Amino acid sequence: MRKQLLPEDDQLVTDIRQLIEGTRQAVSQTVNSGMTILYWHIGKRINDDLLSNQRAEYGKQLVITIAQQLKKDYGRGFDEKSLRRMIQFAETFLDFEIVATLSRQLTWSHFVELIPLKDSLQRNFYTQMCRIENWSVRMLRQKIDGMLFERTAISRKPESLAQRELQQLREGDRMTPDLVFRNPYILDFLNLKDTFSELDLEKAILREIEKFILELGNGFAFVERQKRMIIDQSDFYLDLLFYHRRLKRLVAVELKLGKFKAAYKGQMELYLRWLEKHDMQSGEEKPIGLILCAEGNNEQIELFQLDAANIRVAEYLTDYLPNELLKQKLHQFTESSKRSLDSRSQP
């Protein structure tokens, strides 16, 4: 006859379940790491032995023959397409030590998404962000399709500076605002009509706060809406207040319709100084501001050099934008950033 567990035995069952799930996860990670390293070694072995030293043409044909034998012995995971992917893997990720480290955090399916990326800076960005933010394969694919790299400030920096930031991220898990903030933000999930007010925009964001935080990026936590600040016996209200765990700072967000205006800078500076004086905790960095506008007014933004004031300005898109149009818009941002950098470097 089946006996019912006593209430005090529930914790015992919970503990056993945790042991089972923990062990299963550890075994899965070990297997994944071992298979990823195996694929790298296979790719490097084939590439070194067959596709170099004037054996390239012969080697390409030989890959087909090797794949046929391996597929027969070990299954479809070693067919011709898989072997060629392993070769690309070893060619793309040249440093075995880096591969060995990443294999403990990323699955082979993650690498399959990263391998086709031709630009090394772009690939390094997605690799490190995937690792530090623990993206699923599906999330990684969405970030690439949504052109996250192209929307971050780091993509518009000189390559040497961008690589330095990514190296700091890889070696010390050190996030910077240029890795966190993006431009533009894609807010098509808000389902706003053609005509809406700032209040409509705020309400829509709060209604879809989970999706909004996903678009902001990993590490953001919502703190408060309409944050009240009393300054000189007058009430001021900040639209949205967030906290970023890795940056260790408050993030003040102001929502604006239309183009960026010069007055927005002074308003945000006032909010940031108030937050620094009254809300900033010991061990935190100074608050940073994000002004979200429908349009940028790029020349004014460049002249203000807002980065020095810990203020970011970004556009938001409330309608779905096909990738080609998004690429055009990002190209405009890139050219504008280059002009800004060139003007700052001139004596």
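For the structure given in this document, a descriptive report is provided here. (Residues numbered from 1 in each chain as written. Predicted model: local features only at pLDDT ≥ 70, side-chain atom pairs only at ≥ 80, totals over all residues. Heavy atoms only, no water.)

1. A closer look at the environment of Asn 310
With respect to the secondary-structure elements, Asn 310 resides in the loop between α14 (298-304) and β6 (311-317). The spatial distance from the C-alpha of Asn 310 to the C-alpha of Leu 272 is 8.6 Å, given a sequence separation of 38 residues. Not counting residues within four places of it along the chain, the set of residues in contact with Asn 310 comprises Arg 249, Leu 272, Lys 286, Pro 287, Ile 288 and Gly 289. (Helix = DSSP H or I, 4+ residues; strand = E, 2+ residues; numbered from the N terminus. Contact = heavy atoms within 4.5 Å.)

2. A word on unusual backbone geometry
The omega torsion across Asn 183 and Pro 184 is 5°, close enough to zero to call that bond cis. Among the structural elements, Pro 184 can be located in the loop between α10 (177-180) and β1 (185-186). Here the phi dihedral of Asn 191 falls at roughly 55°; this positive angle occurs in a residue that is not glycine. Among the residues examined, Asn 191 registers a relative accessible area of 64% and is labelled exposed. In this structure, Gln 226 takes a positive phi of about 50° despite not being glycine. Judged by its relative accessible area of 28%, Gln 226 is partly exposed. (Buried < 20%, exposed > 50% of the residue type's maximum accessible area, 1.4 Å probe, protein only.)

3. A few points about the side chain of Arg 151
The topology assignment puts Arg 151 in helix α8 (residues 148-151). Here the side chain of Arg 151 touches Glu 215 through a polar contact of 2.7 Å, side chain to side chain. Other than its neighbours up to four places away in sequence, Arg 151 contacts Gly 146, Arg 156, Phe 181, Arg 182, Asn 183, Pro 184, Tyr 185, Ile 186, Glu 215 and Leu 330. (Polar contact = N/O pair within 3.5 Å; in protein donor to acceptor, adjacent residues only side chain to side chain.)

4. A word on a nonpolar patch on the surface
Taken together, the side chains of Val 31, Met 35 and Leu 38 present a nonpolar region at the surface, about 220 Å² in accessible area. You can see Val 31 is positioned in helix α1 (residues 10-50). (Patch = residues over 30% accessible without salt bridge, like charges linked within 9 Å, V, L, I, M, F, W, Y side chains within 5 Å. Areas by Shrake-Rupley, 256 points an atom, 1.4 Å probe, with all protein chains shown as cover. Salt bridge = Lys/Arg side-chain N within 4 Å of Asp/Glu carboxyl O.)

5. Structural notes on the pattern of salt bridges
Following the criterion strictly, the structure yields 17 salt bridges and no others. In this structure, the salt-bridge partner of Arg 151 is Glu 215, at a minimum N-O distance of 2.7 Å. Note that Arg 151 is positioned in helix α8 and Glu 215 in helix α12 (residues 209-216), a separation of 64 residues in sequence. For the pair formed by Arg 151 and Glu 215, the shared burial category is buried. Sharing partners across several salt bridges, the network here consists of Lys 157, Glu 165, Asp 178, Asp 307 and Arg 312.

6. As for the packing of helix α6 (residues 120-133) against helix α9 (residues 159-172)
Across the interface, α6 lies against α9 with an axial gap of 10 Å and an inter-helix angle of 25°. Viewed along their axes, α6 and α9 adopt a mutual orientation that is roughly parallel. Both α6 and α9 take part in a crossing whose hand is left-handed. For the pair formed by α6 and α9, the contact residues are Ser 120, Leu 121, Asn 124, Phe 125, Gln 128, Met 129, Arg 131 and Ile 132 on the first element and Glu 159, Ala 162, Gln 163, Leu 166, Leu 169 and Arg 170 on the second. Grouping the amino acids of the contact of α6 with α9 by side-chain chemistry returns 7 nonpolar, 4 polar and 3 charged. (Axes fitted to C-alpha atoms, helices over the stretch in contact; angles between N-to-C directions. Parallel < 35°, antiparallel > 145°, perpendicular 65-115°, else oblique. Left-handed = near helix turned anticlockwise from the far one by under 90°. Nonpolar A, V, L, I, M, F, W, Y, C, P; charged D, E, K, R; others polar.)

7. A word on the pairing of strand β5 (residues 288-293)
Counting buried positions along β5 yields 6 of 6 residues, so the element is predominantly enclosed. Neither face of β5 is exposed, since Ile 288, Leu 290 and Leu 292 on one face and Gly 289, Ile 291 and Cys 293 on the opposite face are all buried. As paired strands, strand β4 (residues 249-255) and β5 are joined by 5 bridges and run parallel to one another. Bridged to Val 251 within β5 is Ile 288. As paired elements, β5 and β6 share 5 bridges and run parallel to each other. The residue of β6 that forms the bridge with Ile 291 is Val 313. Between β5 and its parallel partner β6, the chain crosses via α14, and the hand of that crossover is right-handed. (Pairing = 2+ DSSP bridges. Right-handed = clockwise from strand over helix to strand, strands pointing away.)

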